[in-house]
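# Examination of the molecular architecture
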Amino acid sequence: MNGTSGTSAISGTSGIGGIRVVPDQGEWRAGFEERVLAGYRAAGCSEPLSRALLEPALKGVDGWTLATDGAGWIAVGVSEDNGATVGRIHDLTATEPDAATAARTWAERWCAERGAERVEVRLTGGAGGAGAGADPGAEPGPAATATPTAGLFAAYPVRGQNRLRAAAEHPALPPGLTVRPLTAEEYPGWYAGEEAAYVADIVRAGALTPEQAKAKSDEDFARHLPQGYATPGHAFYALEADGQVVGTGWVNHGYLPGVTFGFSLEVYEEHRGKGYGRAAMSVGEWAARQGGDGALMFNVFGGNEVAMSLYDRTGFAVLDEFRSLPL
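In this report, the structure presented in the accompanying data block is examined. Only a predicted model underlies this, so the values are computations on that prediction, with no experimental measurement involved.

Moving on, we get to the overall build of the protein. Along the backbone of the protein there are seven helices and 12 strands. When the 327 residues of the protein are sorted by exposure, 53% land in the buried category. Taking the contacts inside the protein whose residues are at least 6 apart along the sequence as the reference set, 66% of them involve residues at least 24 apart. Accessible surface for the protein amounts to roughly 13,400 Å². Of this, 53% is attributable to carbon and sulfur atoms.

Here's what the structure looks like:
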């Protein structure tokens, strides 16, 4: 059942707060798109970048179920994701507290009735923004919620964030730190370490089981690096200090208009606490400029408060925040 089904109510959820399903998305659609764009603009995105992010945000929109309580909108959907049935709250516009709580409860029940194991929401522009329904630990994906505050979803643990910042015009590498290309001989060992770390990060974020995390990792690496070390647009770096490799970097130039995506800016554990984390951010900016881009974007998983604190201090704005709750 979806937003074009013509059904006026849903069995089991139709009585909550007078909420009913509506068959026509026309009245809602334009406002939804503008709210998503406003969230990205507020996070510091340029107009071309905001519109580039909007396109994947609308993926599958014709299949979403749209409902209203007469004052606000709720858009929901259910899909298969890494072997699990996942519900997503794509939009929720109620601002009055009781109405917003009733709308969230309706959406959760709607997802549960369709077999969802968890429900996800994405807050565009971070905790104060609008947006819902994306994949934690991933680059920008489907959907966005127009709730003006994350308070409504405070009980949903944070699973991940996308961060963005304009790169300095002439970023300088910190004294004592040098950057060189990762060699083809170093790549296999680097790849194995990155994959293991990625799986561990996904599991720590709490959204997937170890088995689901491994399946997601295999799929993501195959999609992003189909030609491995020689994949066009991707660059790999080694960070050295005092003759030792203290970390590595993996970036994708031109990932979005004017944006380099930092898939990994890693400082090895034995070298942490020495200021290299902040230095790695400078390396990311340097790499973005090397690739002709003006901004650096990356993802951080939920549960990594140390990294989130570092990104706050270094001025990386929250572009999207992903939250989910088991049902």
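Moving on, we get to unusual backbone geometry. For Asp242, which is not glycine, the phi torsion reads 55° and is therefore positive. Exposure remark for Asp242: the relative accessible area of 75% places this residue in the exposed category.

Moving on: the environment of Arg278. When you line up the elements, Arg278 lands in helix H6 (residues 276-290). A relative accessible area of 42% places Arg278 in the partly exposed class. It is 9.8 Å that separates the C-alpha atoms of Arg278 and Ala307, two residues lying 29 residues apart in sequence. Dropping the residues within four chain positions of it, Arg278 is found in contact with Leu310, Arg313 and Thr314.

What follows covers the layout of surface pockets. Of the voids in this model, the largest pocket is the one considered here, and its volume is about 1,100 Å³. In terms of lining, the largest pocket is formed by 41 residues, of which the most central are Leu265, Glu266, Asn304, Ala307 and Tyr311. Among the elements of the structure, helix H4 (187-205), helix H5 (210-224), strand S10 (259-267), H6, strand S11 (295-301) and helix H7 (305-313) are those that each provide at least two residues to the lining of the largest pocket. In terms of residue count, S10 provides more of the lining of the largest pocket than any other element does, seven residues in total. Classifying every residue of the lining of the largest pocket by side-chain character gives 20 nonpolar, nine polar and 12 charged.

Further remarks concern the packing of aromatic side chains. The full count for this structure, using the stated rule, is 24 aromatic pairs. Judged by centre distance (5.8 Å) and plane angle (75°), the rings of Tyr198 and Phe221 are edge-to-face. Placement of the pair is Tyr198 in helix H4 and Phe221 in helix H5, with a sequence separation of 23 residues. We note that Tyr198, like Phe221, is buried. Relative to Trp250, the ring of Phe236 lies with its centre 6.3 Å away and its plane at 25°, an arrangement referred to as stacked. Of this pair, Phe236 sits in strand S8 (residues 234-241) while Trp250 sits in strand S9 (residues 244-256), placing them 14 residues apart in sequence. Since its relative accessible area comes to 5%, Phe236 is described here as buried. Each residue in the set Tyr187, Trp190, Tyr191, Tyr198, Phe221, Tyr229, Phe236, Trp250, Tyr255, Phe261, Phe263 and Phe301 is aromatic and connected to the rest through ring pairs, giving one cluster.

What follows deals with the sheet that holds strand S12 (residues 317-326). Read across the open sheet, the 12 strands follow the order S1-S2-S3-S4-S5-S12-S6-S11-S10-S9-S8-S7; overall the sheet is mixed. Across the chains shown, the open sheet's two edge strands, defined by having one partner strand only, are strand S1 (20-21) and strand S7 (177-181). Sheet topology note: the strand S3 (residues 73-81)/strand S4 (residues 84-92) ladder contains eight bridges and is antiparallel. Bridge pairing in S4 links Val78 to Gly87. Against the sheet, H4 contacts strand S6 (158-166), S8, S9, S10 and S11, and its axis sits at roughly 60° relative to S11.

Secondary-structure assignment places Arg118 in strand S5 (residues 118-124). You can call Arg118 buried: its relative accessible area is 8%. A polar side-chain atom of Arg118 sits 2.8 Å from a polar atom in the side chain of Glu120. Residues in contact with Arg118, not counting those within four places in the same chain, are Asp81, Ala84, Thr85, Val86, Gly87, Ala207, Leu208, Ser324, Leu325, Pro326 and Leu327.

Rules behind the numbers
- Residues numbered from 1 in each chain as written.
- Predicted model: local features only at pLDDT ≥ 70, side-chain atom pairs only at ≥ 80, totals over all residues.
- Heavy atoms only, no water.
- Helix = DSSP H or I, 4+ residues; strand = E, 2+ residues; numbered from the N terminus.
- Buried < 20%, exposed > 50% of the residue type's maximum accessible area, 1.4 Å probe, protein only.
- Contact = heavy atoms within 4.5 Å.
- Areas by Shrake-Rupley, 256 points an atom, 1.4 Å probe, with all protein chains shown as cover.
- 1 Å grid on protein atoms, 1.4 Å probe; cavity = no way out; pocket = protein on both sides within 12 Å on 5 of 7 lines; lining within 4 Å.
- Points joined across faces, edges and corners; volume = space filled by probe spheres on them.
- Nonpolar A, V, L, I, M, F, W, Y, C, P; charged D, E, K, R; others polar.
- Phe/Tyr/Trp six-rings, centres within 6.5 Å; stacked < 30°, edge-to-face > 60°.
- Pairing = 2+ DSSP bridges.
- Axes fitted to C-alpha atoms, helices over the stretch in contact; angles between N-to-C directions.
- Polar contact = N/O pair within 3.5 Å; in protein donor to acceptor, adjacent residues only side chain to side chain.

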